[in-house]
Every structure is written in structure tokens, then in C-alpha cells.
Amino acid sequence: MRTGLPRLSRLAVLVAVTACVPEGDGPPRAGDPLPDLRVRSLAGAEVALSSYRGRAVLLNLWATWCPPCRAEMPYFQELSRAYGPRGFAVVGVSVDNAGARELLEAFLTEAGVEYDILLDPTMTSMDELGVLGLPASFLVDPDGVVRLVRTGPVPEGDTLFLQQLESLLPSGMP
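Because the structure is predicted, anything quoted here is derived from the model rather than measured.

Here the focus is the packing of helix 2 (residues 67-83) against helix 5 (residues 159-168). At a minimum axis distance of 13 Å, the contact between helix 2 and helix 5 shows a crossing angle of 30°. With respect to each other, helix 2 and helix 5 are oriented roughly parallel. The chirality of how helix 2 crosses helix 5 is right-handed. Where helix 2 abuts helix 5, its residues Y75, L79 and Y83 lie against F161, L162, L165 and E166. When its residues are assigned to classes, the contact of helix 2 with helix 5 shows 6 nonpolar, no polar and 1 charged.

Below, the structure written as C-alpha cells:
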């Protein structure tokens, strides 16, 4: 005995579902340019992501209420220290709401985060990057082109991630 939807109904469901997904939406993929988002620094200055051109960048969307986001931040701090002298920048974009500023700053101090943190309380970055969940990370080359997209946490020591990062940096430096 067959169960489930008849063949025609399954086709209709497939068409309906795919018709609801606009073409081109979703996160940038490897080879796509990173959109030039504009968000605020902790000091309140407007920062364009294009201001990081010339450096390899790990763009990480995160929030204090996201346990996997918090868990990966010490690793990102290590990467920032180790690879920063070679032209690498870690840029965290917090999507915490504006009322969580005190909690955000306390967490950053407690966690020892020294890399750039930008603020996006309206979550515009999630919309513009087609991100549905946190954390979301984009490894971007010095020309502003996405080279690796990671939805979910970046595991410490991830071989693919580290190989891609190394390929974006000048060699011969510590």
C-alpha cells in the first residue's frame, strides 16, 4: 500500500515551495562579492565593510544570546592574534538589540575579545546576507570576494577553514 502524497500532489508542493524562494536570495556563495554593509562601531561611527579591503576578513554575525556564537569567539580571538600581522582581520557583527549594549560590552570584556565588533541591532546584516541563523561566518579575500561560507560555528582547527585562510594571506610570514 502506498502512503504519502500522490505524484501530482508532490509535484504541486515542490513547485509551490520553490516558487516562494526568490532567485538570488540567500547568503553569498564562494566567488560572490560581499555586500558592502554599513553598520556602527562600538564608538558609534559608521563603518562600511569595504573599509576592510586589502585584508583577508572573517566576517562573523553573532549575538550574546547565541551559545554557539559565544563558544567560537575565543578561537576567533586566537586567529586574530596569530594571523593579524599577516593582513587578517576578524570582524564580529553583533545583532543584539540596542537595549543589550551593557550586556554586550560586559561579555566582550569578560571574553577578552579585542577584534573589531560592529553593531547591527536592526539585524539588517542578516537580511542583506540572507542569513537565517547564527552564527554565520564569511571568509573574504582582500578584494572583498567571499571564499568560504560557514553557517553554524567554525570548529577550532577546522582544516578546510584554515587551508582557505592560509591561501588568502601572504606566505613567508610567521
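There's more to say after this.
The subject of this paragraph is the sheet that holds strand 6 (residues 136-140). The sheet built from 7 strands is open, its strands ordered 2-1-5-4-3-6-7 with mixed pairing. Looking at the sheet topology across the chains shown, the edges are occupied by strand 2 (46-48) and strand 7 (146-151). Pairs of neighbouring strands in the sheet enclose a mean axial angle of 30°, with direction left out of account. Across 2 bridges, strand 1 (residues 38-41) lies against strand 5 (residues 116-119) in antiparallel orientation. Pairing of S41 across the sheet is with L118, part of strand 5.

The subject of this paragraph is the pattern of salt bridges. Taken as a whole, this structure holds 7 salt bridges when the rule is applied. Two residues, R81 and E114, come together in a salt bridge whose shortest N-O distance is 3.5 Å. Highlighted residues: R81 in helix 2 and E114 in the loop between helix 3 (101-111) and strand 5, separated in sequence by 33 residues. As far as burial versus exposure is concerned, R81 and E114 are alike and both exposed. In this structure, D141 and R147 form a salt bridge, with 2.9 Å as the shortest nitrogen-oxygen distance. With a relative accessible area of 7%, D141 lands in the buried category. Here the salt bridges share partners, and the residues they tie into one network are D36, R38 and E46.

Let's shift gears to the packing of aromatic side chains. Counting across every chain of the model gives 3 aromatic pairs. Plain terms: the ring middles of Y75 and F76 are 6.3 Å apart, the flat faces sit at 35° to each other, and that makes the pair tilted.

Counting across every chain of the model gives 1 disulfide. Across the disulfide, C66 is cross-linked to C69 (sulfur-sulfur distance 2.3 Å). Since a negative S-S torsion denotes a left-handed disulfide, the C66-C69 link at about 75° is right-handed. For the pair formed by C66 and C69, the shared burial category is buried.

Turning next to the environment of L129. By the element assignment, L129 lies in the loop between helix 4 (124-128) and strand 6. Along the backbone, L129 and G26 are 103 residues apart, and their C-alpha atoms lie at a distance of 6.7 Å.

Time to look at the environment of S50. Here S50 is to be found in the loop between strand 2 and strand 3 (56-62). Accessibility expressed as a relative area gives 27% for S50, which makes it partly exposed. For S50 and L34, which are 16 residues apart along the polypeptide, the C-alpha to C-alpha distance reads 8.7 Å.

With that settled, the discussion passes to helix 5. Since there are 3.6 residues in each turn of an α-helix, residues three or four apart along the chain are aligned in direction. The complete set of buried residues in helix 5 reads F161, L165 and L168. For helix 5, the buried positions fall inside an angular range of 60° around the axis, keeping them on one side. When the buried face of helix 5 is taken as reference, the exposed residues oriented beyond 90 degrees from it are T159 and Q163. Against strand 3, helix 2, strand 4 (88-94), strand 6 and strand 7 lie the buried residues of helix 5. The opening residue of helix 5, the one whose side-chain oxygen lies 3.1 Å from the backbone nitrogen of L160, is D158.

Calculation criteria
- Residues numbered from 1 in each chain as written.
- Predicted model: local features only at pLDDT ≥ 70, side-chain atom pairs only at ≥ 80, totals over all residues.
- Heavy atoms only, no water.
- Axes fitted to C-alpha atoms, helices over the stretch in contact; angles between N-to-C directions.
- Helix = DSSP H or I, 4+ residues; strand = E, 2+ residues; numbered from the N terminus.
- Parallel < 35°, antiparallel > 145°, perpendicular 65-115°, else oblique.
- Left-handed = near helix turned anticlockwise from the far one by under 90°.
- Contact = heavy atoms within 4.5 Å.
- Nonpolar A, V, L, I, M, F, W, Y, C, P; charged D, E, K, R; others polar.
- Pairing = 2+ DSSP bridges.
- Salt bridge = Lys/Arg side-chain N within 4 Å of Asp/Glu carboxyl O.
- Buried < 20%, exposed > 50% of the residue type's maximum accessible area, 1.4 Å probe, protein only.
- Phe/Tyr/Trp six-rings, centres within 6.5 Å; stacked < 30°, edge-to-face > 60°.
- Disulfide = S-S within 2.5 Å.
- Arc of directions from axis to C-beta.
- Polar contact = N/O pair within 3.5 Å; in protein donor to acceptor, adjacent residues only side chain to side chain.

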